[in-house]
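One-letter residues, chain by chain:
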Amino acid sequence: MSNTFYIPNVLENWKWPRRINPHYLEVKAETAAWMRSFGAFSPKVQAANDICDFCLLSSLAYPFYDKERLRTICDMMGVFLLCDGCSDIADEDGVQKMVNTTMDALRNPHTPRPRGEWIGGEVTRQFWELGIKTASPQSQKRFIETFGSYMQAVAQHAADRTNKHTPTIEEYFEIRREDVGTKPCFAILELEMDLPDEAVNHPTIQELSVLAADMIILDNDMASYNSEQARGDDNYNVITIAMQQNKTDIQGAMNWVSEYHKELEEKFMDIYENKIPKFGKPVDEQLAQYVDGIGNWVRANYQWGFESERYFGKKGLEIQRTRWVTLLPKKCSNKIDPQYPDGSKLSSHVDVGSRATTVNV
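Since the model is a prediction, treat every value here as computed from it, not as a measurement.

So, how was this worked out
- Residues numbered from 1 in each chain as written.
- Predicted model: local features only at pLDDT ≥ 70, side-chain atom pairs only at ≥ 80, totals over all residues.
- Heavy atoms only, no water.
- Helix = DSSP H or I, 4+ residues; strand = E, 2+ residues; numbered from the N terminus.
- Buried < 20%, exposed > 50% of the residue type's maximum accessible area, 1.4 Å probe, protein only.
- Contact = heavy atoms within 4.5 Å.
- Areas by Shrake-Rupley, 256 points an atom, 1.4 Å probe, with all protein chains shown as cover.
- Salt bridge = Lys/Arg side-chain N within 4 Å of Asp/Glu carboxyl O.
- Axes fitted to C-alpha atoms, helices over the stretch in contact; angles between N-to-C directions.
- Parallel < 35°, antiparallel > 145°, perpendicular 65-115°, else oblique.
- Nonpolar A, V, L, I, M, F, W, Y, C, P; charged D, E, K, R; others polar.
- 1 Å grid on protein atoms, 1.4 Å probe; cavity = no way out; pocket = protein on both sides within 12 Å on 5 of 7 lines; lining within 4 Å.
- Points joined across faces, edges and corners; volume = space filled by probe spheres on them.
- Left-handed = near helix turned anticlockwise from the far one by under 90°.
- Arc of directions from axis to C-beta.
- Core = buried A, V, L, I, M, F, W, Y, C linked by side-chain atoms within 4.5 Å.
- Phe/Tyr/Trp six-rings, centres within 6.5 Å; stacked < 30°, edge-to-face > 60°.

### Details of the overall build of the chain
Line of reasoning, step 1. On a plain count of helices and strands, the chain comes out with 15 helices and 2 strands.
Line of reasoning, step 2. Burial statistics for the chain: of 361 residues in total, 56% are counted as buried.
Line of reasoning, step 3. A separation of at least 24 residues holds for 78% of the contacts in the chain among residues at least 6 apart in sequence.
Line of reasoning, step 4. Here the chain has roughly 15,700 Å² of accessible surface; of this, 50% comes from carbon and sulfur atoms.

Below is the structure:
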């Protein structure tokens, strides 16, 4: 097997260019200080989170939002990060407790959290207490609904991990469309809008959202595959699944992803250019802004995969230019994650029933 593989440039002809919010650095500093105030991560994991730079993703995905709304989005990414980190190392029951705590905090943002509770409840409560100040009623409703679906998918992922279940490609997309988090992120596109349910839930708009989510999943899995296979955590990655199901190697799976991505892009653009439903003003103007945001999300996620240090360390921009990746050697027993600067990995246990939870290394 070759020790290098080529990542196809799947967005070479994508309509949406790279754009970034001018408030990026200022809001990043505010969100970072807020997250650190909870002491939820050990210094080593905090350093690893910093190089992932989820505020960069937020700023690429929402380039035109004002400072207040960008702060909501960056804080949301902090909640995602905490839930993702804890769910990765908690058992199935622990993840379900985390889901219940998080959703209760979202539904009751003005109610103090119980003493002794997992710290994620208070993080979520503070995020949403601030967020609803600049969020329309419709966007608030949609965010809570979609975040609930996301959290249940996280719990399902935990169950699959516990049972060591490797899904088929079809099963993978069904689950991943929920736990990748695009639905709540798309709901956040509505912060300053007042889109009716009939517009957002229209079958054509829903199809557009699924196509974008699938492209984001493919882009993310191509970028993350190398680090995941190195630590033996790649069973939940479309590259590994495609290799097994299609009986091919890494490059064959990458090429399959590229061809599938092209099909999705063509379907997306056909809908975007020709089939967006009409509801009359002002809904049509807001809906146009919403679907434009969905298209931009595909570009934002793709760029972030190379511009942050989450997957490729400091070589991201070079790899984006050359497209060639050197396969990392597999690590044994301790599952060292190459994305962490000190070579460390999260601990194997976290008690989500405890308010004092710290994600340690």
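On we go from here.
### Regarding the pattern of salt bridges
Line of reasoning, step 1. Inspection of every chain in the model, using the stated rule, returns 25 salt bridges.
Line of reasoning, step 2. Across the salt bridge formed by R125 and E129, the nearest N and O atoms sit 3.1 Å from each other. Of this pair, R125 and E129 are both found in helix α6 (residues 120–131), 4 residues apart, which corresponds to roughly one turn of the helix.
Line of reasoning, step 3. Each of the salt bridges in this network shares a partner with another, and the network as a whole consists of E26, E30, K67, R71 and D75.

### Topic: the packing of helix α12 (residues 238–246) against helix α13 (residues 250–274)
Line of reasoning, step 1. In contact at an axis separation of 9 Å, α12 and α13 are set at 105° when each is read in the N-to-C sense. Relative to α13, the element α12 lies roughly perpendicular. The residues of α13 that touch α12, namely those facing V238, I239, A242, M243 and N246, are I250, A253, M254, W256 and V257.
Line of reasoning, step 2. Each residue belonging to the contact of α12 with α13 can be placed in one class, and the counts come to 9 nonpolar, 1 polar and no charged.

### A closer look at empty space enclosed by the protein
Line of reasoning, step 1. Summed over the entire model, instances satisfying the criterion amount to 1 cavity of 30 Å³ or more.
Line of reasoning, step 2. The computed volume of the largest cavity comes to approximately 100 Å³.
Line of reasoning, step 3. Listing elements by their share of the lining of the largest cavity, those giving two or more residues are α11 (203–230) and α14 (283–307).
Line of reasoning, step 4. When residues in the lining of the largest cavity are grouped by element, the largest group, 5 residues, is from α14.
Line of reasoning, step 5. Tallied by class, residues from the lining of the largest cavity come to 8 nonpolar, 3 polar and 2 charged.

### Focus: helix α3 (residues 54–61)
Line of reasoning, step 1. Most of α3 sits inside the fold, with 8 of its 8 residues counted as buried.
Line of reasoning, step 2. Among the residues of α3, F54, C55, L56, L57, S58, S59, L60 and A61 are the ones counted as buried.
Line of reasoning, step 3. Of the surrounding secondary structure, the elements contacted by the buried residues of α3 are α1 (24–36), α2 (43–52), α4 (67–89) and α14.

### Brief notes about the environment of V200
Line of reasoning, step 1. Here V200 shows up in helix α10 (residues 197–200).
Line of reasoning, step 2. Setting aside residues no more than four positions away along its own chain, V200 makes contact with R142, E190, L195, I205, Q206 and Y290.

### A few points about unusual backbone geometry
Line of reasoning, step 1. A cis amide bond links K281 with the next residue in sequence, P282, at an omega value of -5°.
Line of reasoning, step 2. Mapped onto the fold, P282 is located in the loop between α13 and α14.
Line of reasoning, step 3. Phi at R323 takes a positive value of approximately 75°, unusual for a residue other than glycine.
Line of reasoning, step 4. Along the chain, R323 turns up in the loop between α15 (316–322) and β2 (324–326).
Line of reasoning, step 5. Given the relative accessible area of 5%, R323 is considered buried.

### Regarding the packing of α3 against α4
Line of reasoning, step 1. One can describe the packing of α3 onto α4 by two numbers: an axis separation of 9 Å at closest approach and a directional angle of 135°. Comparing their axes, α4 and α3 come out oblique. In this structure, the crossing between α3 and α4 has a hand that is right-handed. Contact residues: F54, C55, L57, S58 and S59 in α3; L70, I73, C74, M77 and L81 in α4.
Line of reasoning, step 2. Tallied by class, residues from the contact of α3 with α4 come to 8 nonpolar, 2 polar and no charged.

### Examining α2
Line of reasoning, step 1. When we look at burial in α2, the residues that qualify are V45, Q46, A48, N49 and C52. Along the axis of α2, the buried positions cluster into a sector of 160°, meaning they face one direction only.
Line of reasoning, step 2. On its buried side, α2 packs onto α1, α3, α4 and α14.
Line of reasoning, step 3. Backbone geometry just after α2 places D53 at a positive phi near 55°.

### Notes on the nonpolar core
Line of reasoning, step 1. Y62, M76, F268, Y290 and W297 are the most contacted members of the largest nonpolar core, which totals 109 residues.
Line of reasoning, step 2. Contacts of F268, omitting those with residues within four sequence positions, involve W14, W16, L208, L211, A212, M215, I294 and G295.

### Observations concerning the packing of aromatic side chains
Line of reasoning, step 1. In total, this model carries 25 aromatic pairs according to the counting rule given.
Line of reasoning, step 2. Ring centres of F127 and F143 lie 5.8 Å apart, and the angle between their planes is 70°; on these two criteria the pair is classed as edge-to-face. Here F127 is found in helix α6, whereas its partner F143 is found in helix α7 (residues 137–162), with 16 residues between them in sequence. The same class applies to F127 and to F143, which are both buried.
Line of reasoning, step 3. Taking 5.4 Å as the distance between ring centres and 25° as the angle between the ring planes, the aromatic pair formed by W256 and Y260 counts as stacked.

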